[in-house]
Amino acid sequence: MEWSSLPKVELGKDMEGRILALPVSKDKGIIRKLWGTAPLEDDFFEKNKARIIESEHKIIVAVGVKDDSKQEARKFGAIAYRFIERALGPVKFHLIPDFLPEYEVIEGALLASYSFDKYKSRKDPKPWIVFHGSREAVEKAKVVAKAVFIARDIGNEPPNEHYPEKFAKMVLDLFADMPVNVFVGDENWIQEQGLNGVWYVGKGSVNKPRFVVIEYLPVENQKPVLLVGKGVAFDAGGVHLKPRGYLEDMKMDIMGGAVVVASLWALAKLGIKRNVVGIVPCVENMPDGGAMKPGDVIRMYNGKSVEIFDTDAEGRLILADALAWGERKYDPEFVVDFATLTGACIVALGRDIAGLFSTSDELAGKIEKAAVETGEEVWRLPLHSSIAKLLETPVADVRNVSDDYAGGAIQGAIFLSNFVTKPWAHLDIAGTGMSKKDKLLSRKGATGFGVRLAVKLITME
Ligand code: BES
Ligand code: ZN
Ligand code: ZN
């Protein structure tokens, strides 16, 4: 697959260059010193406004920031990049962190530079960055941003170009020259293994499911971390077909899987010394004569029986089997899954906060800490027994969803908890993984939310 590329980045120093981007806060910044207390309105800082200040030989783009936090640093990089792209075009500009943490400045600029233009005949050239910071910061930011681009590309790719078999091939190609093992199980293997949750969801499409396992095991005798991602290449809802307005974004129902692929790529590129295994069950959920039906009872990989109440609650079925299979095969230290699992999570937390669920306070705490560091917000919701009751059914051990939509995001998480025994966390990225509009660090479409969080979680231990 042809991946979206990063803009060119060089290193620079001091005040060289003709076009400079500089941050300014209420009481800090080189521009403040140069121009004294230039008359910048109060909301210039609060609202991260940008303004061009021209002097004899230089064009200075001043961007207001509230403080010197990492999040403001990312915003500065992103706003400077976008502002220059819009106002000045594909120019070379000097990005100067000044009093801001340098890594986040370049990370923000690179994340904001993304556009998915591979199917466009005309591709707009991008501004170049001359970064006034360390080589180390640039090298790391390039890997992390590239990983986020990989995740976004996976979600933005049109579904006719991205069905399970092709996804699996893309993963094989991506890791071909890296110290990473990729295994792909086809539809026969999936049935032989008894991964019936994956098989039942996937069998209703002419594009049959694949089970993708990515092993990055650089350390001997260390239990791996297991990352599992929902890889629904297209979610039509199955026999419970989604209506217009709900179908159009569903090529991005693969974003959990995209996060897993991309974060493993980043960890391996950075040479992180930590064993990590990623699993992505990849399916299309389609209506068809051979599709699963409401009322079907499936014997899952771990032996539990599930009654299908709604064929559109498919993500939990494929994840349940991937979690149980991964635990048995790898005996992981802990498990984290990423999934665009429920519309209910968007109702509960909106489009900028992911739902966090966990059987371990320690693991949940680590994820909350990593999220603060990367600026990807999460909020923990309970796995409460009153909602577990809603999944009881007289005909099977559990059903995939209740007839009451109450607590829908929690229902999804509780369903999954039936299939894990190790310390486990579930991130519902239905709202955060895809966006209806351009944001500061991403564009309309797939966001890559969770990639930086996963990398941070694994590297901060
Ligand atoms: N992929 C959807 C969830 C989703 C909705 C993600 C909107 C992103 C944006 C999931 O498979 C689904 O269809 N969930 C149903 C569950 C219901 C049938 C219990 C939902 O959220 O409506
Ligand atoms: Zn669905
Ligand atoms: Zn889905």
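Higher on the page you've got the structure.
Calculation notes
- One numbering rule holds for all chains: residues counted from 1, following each sequence as written.
- Think of it this way: whatever chain is written first is A, whatever ligand is written first is 1, and the rest follow in order.
- With the structure being a predicted model, the display of local features is reserved for residues of pLDDT at least 70 and the display and counting of side-chain atom pairs for 80 or more, all residues being used for whole-chain, interface and lining totals.
- To obtain the side-chain values, all non-hydrogen atoms of the structure were included, while hydrogens and water were left out.
- Helix and strand labels come from DSSP, where a helix needs a run of H or I of at least four residues and a strand needs a run of E of at least two; each type is numbered from the N terminus.
- A helix is expected to span 1.5 Å for every residue after the first.
- For every residue, the accessible area (1.4 Å probe, protein chains only) is compared with the maximum for its type, and the residue is labelled buried under 20%, exposed over 50%, or partly exposed between those bounds.
- The donor set covers N, O and S atoms within 2.8 Å of the metal, switching to 3.2 Å for Na, K and Ca, and it leaves out water, so a site may look short of donors.
- Metal sites are grouped by the angles between bound donors: all angles between 85 and 135 degrees with four donors is tetrahedral, opposite donors over 155 degrees apart with the others between 65 and 115 is square planar for four donors and octahedral for six, and any other pattern is irregular.
- Stacked, edge-to-face and tilted labels apply to pairs of Phe, Tyr and Trp rings (six-membered ring for Trp) whose centres lie within 6.5 Å, assigned for plane angles under 30 degrees, over 60, and everything in between, in that order.
- Only heavy atoms are used to decide nearness, and a residue is near a molecule or strand if one of them lies within 4 Å of it.
- Whenever two N or O atoms come within 3.5 Å, that pair is a polar contact, provided that in protein one can donate a hydrogen and the other can accept it, and provided that, for residues adjacent in sequence, both atoms are side-chain atoms.
- In short, Shrake-Rupley with a 1.4 Å probe defines the accessible areas, and a residue's cover is counted only from the protein chains shown.
- Here the nonpolar group is Ala, Val, Leu, Ile, Met, Phe, Trp, Tyr, Cys and Pro; Asp, Glu, Lys and Arg are the charged ones; every other residue, Gly included, is treated as polar.

A.B. asks: Even after reading the chapter, I still don't get helix H9 (residues 255–269), so can you show me in this structure?
C.D. replies: Note that an α-helix has 3.6 residues per turn; residues three or four places apart therefore point the same way. Here H9 spans 21 Å end to end across 15 residues, near enough to the 21 Å set by a 1.5 Å rise per residue. Most of H9 sits out of view: 14 of its 15 residues are buried. With its phi angle positive at about 65°, Gly-271 sits one or two positions after the end of H9.

A.B. asks: It is not clear to me how helix H5 (residues 135–156) should be interpreted in this structure. Could you clarify?
C.D. replies: Over its 22 residues, H5 extends 31 Å from the first C-alpha to the last, a length consistent with the 32 Å expected when each residue adds 1.5 Å. H5 sits mainly inside the fold: 16 of its 22 residues count as buried.

A.B. asks: Even after reading the chapter, I still don't get the coordination of the zinc ion (ligand 3), so can you show me in this structure?
C.D. replies: Each pair of donors in an ideal four-coordinate tetrahedral metal site encloses 109.5 degrees, whereas pairs in an ideal six-coordinate octahedral site enclose 90 or 180 degrees. Taken together, the protein donors to the zinc ion (ligand 3) comprise Lys-230 (NZ), Asp-235 (OD), Asp-253 (OD) and Glu-314 (OE), at separations of 2.0 to 2.4 Å. Because the angles between the six donor atoms bound to the zinc ion (ligand 3) fall within 78 to 173°, the donor set is best described as octahedral. As a motif over one chain, the donors of the zinc ion (ligand 3) read K-x4-D-x17-D-x60-E. A separation of 3.2 Å is found between the zinc ion (ligand 3) and the zinc ion (ligand 2), which are bridged by Asp-235. Of this pair, Asp-235 sits in strand S10 (residues 231–235) while Asp-253 sits in the loop between S10 and H9; the two residues are 18 residues apart in sequence, bridging distant segments of the chain. Each member of the pair, Asp-235 together with Asp-253, is buried.

A.B. asks: Looking at this structure, how should I read the packing of aromatic side chains?
C.D. replies: Describing an aromatic ring pair means giving the distance of the ring centres and the angle of the ring planes. Evaluation of the coordinates by the stated rule reveals 10 aromatic pairs. A ring pair is formed by Phe-183 and Trp-189, whose centres lie 5.0 Å apart and whose planes are at 65°; its orientation type is edge-to-face. The exposure class assigned to Phe-183 is partly exposed, which follows from its relative accessible area of 35%. Relative to Phe-419, the ring of Phe-415 lies with its centre 5.2 Å away and its plane at 40°, an arrangement referred to as tilted.

A.B. asks: Sorry, what's going on with the site of ligand 1 here?
C.D. replies: As a matter of local geometry, ligand 1 sits amid 16 residues, with Lys-242, Asp-253, Asp-312, Glu-314 and Gly-343 nearest to it. Within the side chain of Asp-253, a nitrogen or oxygen atom sits 2.9 Å from a nitrogen atom of ligand 1. Between ligand 1 and the protein, one listed contact pairs a nitrogen atom with a backbone N or O atom of Thr-340 at 3.5 Å. Protein burial of ligand 1: of its 520 Å² of free accessible surface, 78% is covered by the chains. Classifying every residue of the shell around ligand 1 gives six nonpolar, three polar and seven charged.

A.B. asks: I tried to follow the coordination of the zinc ion (ligand 2) on my own but got confused; where do I start?
C.D. replies: For the zinc ion (ligand 2), the full set of protein donor atoms is Asp-235 (OD), Asp-312 (O), Asp-312 (OD) and Glu-314 (OE), at a range of 2.0 to 2.2 Å. Mapped onto the sequence, the donors of the zinc ion (ligand 2) take the spacing D-x76-D-x1-E. You can call Asp-235 buried: its relative accessible area is 3%.

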